[in-house]
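Chain and residue survey
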Amino acid sequence: MTPDLEIRLPAEMMRTDAGSAEVGRSKTIGQWLLIGAVVGWFSLLVFIPLLALARRVLAGGCTPFLNALQEPEVRRAFGMTLGITALATVVNTIIGIAIALVLTRQRFRGRALVDGVVDLPFAVSPIVAGLMLVVLYGPSGWIGQWLEPRGLRVVYAVPGMILATLFVTIPFVVREVVPVLQELGDEFEQAAYTLGASRWQTFWSVTLPSIRWGIMYGVTLTIARSLGEFGAVLVVSGNVIGHTQTATLYIHEGVESFHPEGAYAASVVLAAISFLLLVGMDWIRKHLEFREGSSS
Amino acid sequence: MTGPLEAISPRDPAHGALPVTAMSSDRVAGFSRWLTKRPIGEKTVGIVVRSLSKKYGTFQAVKDVSFEVPTGQLVALLGPSGSGKSTILRIIAGLERAENGVVELTGEDATAIPTQNRGVGFVFQHFALFRHMTVRDNIAFGLKVRKLPKTEIKARVDELLELVQLSGYAHRYPTQLSGGQRQRVALARALAPRPKVLLLDEPFGALDAKVRDELRTWLRRLHDEVHVTSLFVTHDQQEAFEVADQVIVLNYGRVEQMGPPQELYENPRSAFVTEFLGSVNVLKGRLDSGGTVVAAGLPEPAVHLQGPGENGPVSIYVRPHDVELTHHRNGAPTWEGRISRITPLGGFVRVEVVLPDRTDVRVQITRDRFNELELNTGEPIFLVPKDLKVFFENEPNSYVI
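Note that the structure is a prediction, hence the values are computed from the model and not measured.

Parameters and conventions
- Residues numbered from 1 in each chain as written.
- Chains lettered and ligands numbered in written order.
- Predicted model: local features only at pLDDT ≥ 70, side-chain atom pairs only at ≥ 80, totals over all residues.
- Heavy atoms only, no water.
- Helix = DSSP H or I, 4+ residues; strand = E, 2+ residues; numbered from the N terminus.
- Buried < 20%, exposed > 50% of the residue type's maximum accessible area, 1.4 Å probe, protein only.
- Contact = heavy atoms within 4.5 Å.
- Areas by Shrake-Rupley, 256 points an atom, 1.4 Å probe, with all protein chains shown as cover.
- Buried area = accessible area lost by both parts, 1.4 Å probe.
- Polar contact = N/O pair within 3.5 Å; in protein donor to acceptor, adjacent residues only side chain to side chain.
- Axes fitted to C-alpha atoms, helices over the stretch in contact; angles between N-to-C directions.
- Parallel < 35°, antiparallel > 145°, perpendicular 65-115°, else oblique.
- Left-handed = near helix turned anticlockwise from the far one by under 90°.
- Nonpolar A, V, L, I, M, F, W, Y, C, P; charged D, E, K, R; others polar.
- Core = buried A, V, L, I, M, F, W, Y, C linked by side-chain atoms within 4.5 Å.
- Patch = residues over 30% accessible without salt bridge, like charges linked within 9 Å, V, L, I, M, F, W, Y side chains within 5 Å.
- Salt bridge = Lys/Arg side-chain N within 4 Å of Asp/Glu carboxyl O.
- Pairing = 2+ DSSP bridges.

Focus: the overall build of chain B
When helices and strands are tallied, chain B shows 10 helices and 20 strands. Looking at chain B residue by residue over its 401 residues, the buried ones come to 53%. Partitioning the intrachain contacts of chain B with sequence separation of at least 6 by distance along the chain shows that 68% fall at a separation of at least 24. Taken as a whole, chain B presents about 17,800 Å² of accessible surface, with 50% of it coming from carbon and sulfur.

See the structure below:
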C-alpha cells in the first residue's frame, strides 16, 4: 500500500459507508416519509417563495427587470449598500479577530462579561439597536448634542448607518474564530517563538493562516448580514432617497408605494448575491480541505 | 545535588539498523560541524539551571531545582506525571516564567531573554507542525524568520531533509505523514536554525510502541552524530535509560537523583528512585540496635550492617534478578518460602514465591538455571538476596545501605 492510499483511507471509508447505506439496504416507508417531510418543509419555506419571487420579477421577461435595475435610485441604493457593507466587513473583520484573540489567549477580569456582551447584537432586535444609536447620537443625545453644533451629523446620515451596521455584525467573525482558536491551542504559536519568530511574524505566518477558514466564514456571514440589514438602518437613516437609502430601504419603500417592480428586481439581486456568497464559500472550503487533507 | 554530571555511560554500539547509518561518515561530520559551529576546545556547560521554583496557584510545580547539562550530551528528565519535568523544560525554553532561579544557556544568563532570542530548539509531544505548510516550509520556518538568503535556506533544508531521511517528502503536508515521520520533521525544524540546545518534551509520547522504539534508537544515533546539547522529558524509565547519557530523576518538583543510567540503577539514593527505576520487591522490616535488618515475619536476618546507631522500621528493596533460588541453605542469609506461580518469559522465567508472612516476592532467573533447579509450583524454596537496598520507612530519602 502506498502512503497516499493510507492517508486517504478515512475519506474513502466514509464514502463507501454512505454508498453501502444507499445500495445495500432498501429504505423503509418511515425513512421515505422522513426524507419527504424534510424536502417538503424546505420547499415550502425556502424554494417555493424564492421561485415565486423570481417568477414575479421575470414575468414580463428580462428587459423590464434590467430596466428596473438601471433606475438611478436603485443604482444609488445599491452603491450605498455595497459601500457600507465593505466598510463594516473590513472593520469588523479586524476588530473581530482582535476580540477573538483577546478572548481566547488572555485571562483578565471581566473576560466573561466581554464574552457575553459580544453576543448582544444577536439577542437585541435590530430596531432596538438603531434606537440605542438615536438616543446616543441624536440631536439631543449624550454625544449628539455635542456633535451637532459642530456640524457633525451621525443620526439620519451615513455615519449612523455605518455604526448601525457595525453594531449588528460584530459577533459573526468573533463567533466563528473563537472556537477555531480554542481548538488550535497555543502550541503552534509557541513552536514559532522557539524558532525565533516575533509575535507579529507568528501572527501573520502561523495564527492567521490557521484560522483563515473561520475568518472567511465569519466574513461571509458579515457580508450577508450587512447587505440585508434593515431594521437598525431604517431607524437611523431617515430614508432620504438618493442620500441615505440602502437597497433594503429602497425595497421597503417600493413595496409601500405600490410601485413594486424596482423592489422585486432589487430583492432578487440581493438574494442572488447572498446565495452566491454561501455557495462560493462552501466550494472554496471543500477545495482547500482536500488539498491540505486537514479538517480544521 | 548540584554537581556537574561528568561521566558518560558507555554506549552499546550495536543498536538496530538505523536510517542515519545510510549516510557517509564525512557527510555526517559536516553536519555536526555545521550544527554546532563552535570554536573547538571552548569549555562551557550547555544548560545550567539554578534554584528554579515555579508555582501554579497553590501548587508548587518546581521546587528549588538545580542541575547542569554538559555540552554535547543527551540528558533525560525522568519522572512521573506531575513531577514538574515539562514545566522545567518550558522554563528553560522561556515558554514559562519561573518565580525564582536562573537559566544559563552555553554560559550565558538567559533568564530574562525572551524565547525568540534564546536559541533553543523545541520538539513538542504532539509535533506542533504548521498544518498549512509543506514539510519544506515547516523546516525552513526558523530560517525564513531570520531573513536568510533563499539559496542558503534551500540548501540547509535539503541537508536537514536528508538528515531525517525525508528527502522525498518535501512537498507533503504534515497530515499526509505518519506519526514517526511528523516527529522527524519536527526535529529537523527545531535543528534548522542551529540551536544552542535542543529541548524535547515527551517526544515519543504520541507514537505507538513500535514506532516509538525505532525513533528512540534513531534519536540516539542522530545525537551521536550531531552532538547538540539535548534535554528530553520522559516518564518512561526504559526510554531514559536507552537514550540518555545522564538521567535526572524528578519527584514532586524536586531532583531526587542524577547520574548515568547504570549508576542510578545500581546505587539509588532514595526509596522513590529505587521503585521508579524498574520492578522491585518491597519487604517490611526492622533495623535493630545491633545493626541487623530483619524482614518482618521472617526468622533470619536479611543483612548485617556496620551499625549505624539508629534503629526503626525499614523497607527492604530487592530486584527480581537480584535473588538467587536454591533448594538448600548455603550459609548466606536466606528466606524460606513456597513457589506460588511460574511464568516462562522467553529467555528467562519469573518465579513468584510466598513468604510465611504472605508477602509475595518476584524472582527472575534464566531459563537454564530454571531447568537446572527443576522447580515446581507449591514446592518450598530458599531465597538468597544477592543485593538489596534498605531505607527507613518514615524517611524514605535516608539511605541505610
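Digging into the interface of chain A and chain B
Chain A puts 28 residues into the contact, and the matching count from chain B is 26 residues. With both sides pooled, the region where chain A packs onto chain B buries about 2,400 Å², and carbon together with sulfur makes up 58% of that total. Counting the surface chain A buries against chain B, the share from its top three residues, F188(A), T194(A) and L195(A), is 28%. Put simply, chain A and chain B have five residue pairs in polar contact (both at pLDDT 80 or more) between them. Looking at the side of chain A that touches chain B, the elements that each hand over two or more residues are helix 1 (3–23), helix 9 (158–184), helix 10 (187–194), helix 11 (199–210) and helix 15 (260–292) of chain A. The element contributing the most residues to the side of chain A that touches chain B is helix 10 of chain A, with seven residues.

Quick notes on the packing of helix 4 (residues 72–105) of chain A against helix 9 of chain A
All names here are of chain A. Relative orientation of the contacting elements helix 4 and helix 9 amounts to 40°, with a least axis distance of 6 Å. By the angle between their axes, helix 4 is oblique relative to helix 9. Considering only the axes of helix 4 and helix 9, their crossing is right-handed. Per-class residue counts for the contact of helix 4 with helix 9 are 21 nonpolar, seven polar and one charged.

Brief notes about the packing of helix 9 of chain A against helix 12 (residues 212–228) of chain A
Residues and elements named next belong to chain A. Axis separation between helix 9 and helix 12 bottoms out at 8 Å; the angle between their running directions is 160°. With respect to helix 12, the element helix 9 is oriented roughly antiparallel. Seen from above, helix 9 lies across helix 12 with right-handed handedness. Contacts between helix 9 and helix 12 involve T165, V168, T169, F172, V173, E176, V177 and V180 from the former and G214, I215, Y217, G218, V219, L221, T222, R225 and S226 from the latter. Grouping the constituent residues of the contact of helix 9 with helix 12 by class yields nine nonpolar, six polar and two charged.

Describing the nonpolar core
Nonpolar side chains in soluble globular proteins generally cluster together in the buried interior. One finds F67(B), I92(B), L199(B) and L231(B) to be the most contacted residues of the largest nonpolar core, which totals 59 residues. Looking at which element gives the most residues to this core, the answer is helix 9 of chain A, with seven residues.

Section: a nonpolar patch on the surface
On the surface, W41(A), F42(A), L44(A), L45(A), V46(A), F47(A), I48(A) and L50(A) cluster together into a nonpolar patch covering about 830 Å² of accessible area. Among the secondary structure elements, I48(A) is positioned in helix 2 (residues 29–57).

Topic: the sheet that holds strand 3 (residues 74–78) of chain B
All names here are of chain B. What the six strands build is an open sheet, ordered 6-7-8-3-9-10; its pairing is mixed. Edge positions in the sheet fall to strand 6 (120–123) and strand 10 (254–259), since each of these pairs with one other strand and no more. Direction aside, neighbouring strands of the sheet carry axes that sit 20° apart on average. Looking at chain direction, strand 3 and strand 9 (residues 246–251) are connected through four bridges and run parallel. Across the sheet, L78 pairs through a bridge with V249, a residue of strand 9. The strands touched by helix 5 (residues 179–191) within the sheet are strand 6 and strand 7 (197–201), with strand 6 carrying the most contacts at an inclination of about 170°.

Structural notes on the side chain of S267(A)
The residue S267(A) is located in helix 15 in this model. Setting aside anything within four residues of it in sequence, one finds S267(A) in contact with L53(A) and I251(A).

Observations concerning the pattern of salt bridges
Pairing between side chains becomes possible if they bear opposite charge and their charged atoms approach one another. All chains considered together, the criterion is met by 24 salt bridges over all chains. Notably, a salt bridge pairs D119(A) with R175(A), separated by 2.6 Å at the nearest N-O pair. With D119(A) in the loop between helix 5 (111–117) and helix 6 (120–123) and R175(A) in helix 9, this residue pair connects regions lying 56 residues apart in the sequence. Taking the relative accessible area as the measure of exposure, D119(A) reaches 27% and is therefore partly exposed. For R175(A), a relative accessible area of 23% translates into the label partly exposed. E324(B) serves as the salt-bridge partner of R369(B), at 3.0 Å between the closest nitrogen and oxygen. Of this pair, R369(B) sits in helix 10 (residues 367–373) while E324(B) sits in strand 15 (residues 323–326), placing them 45 residues apart in sequence. It is possible to trace a salt-bridge network through shared partners that takes in D213(B), R216(B), D236(B), E239(B) and E242(B).

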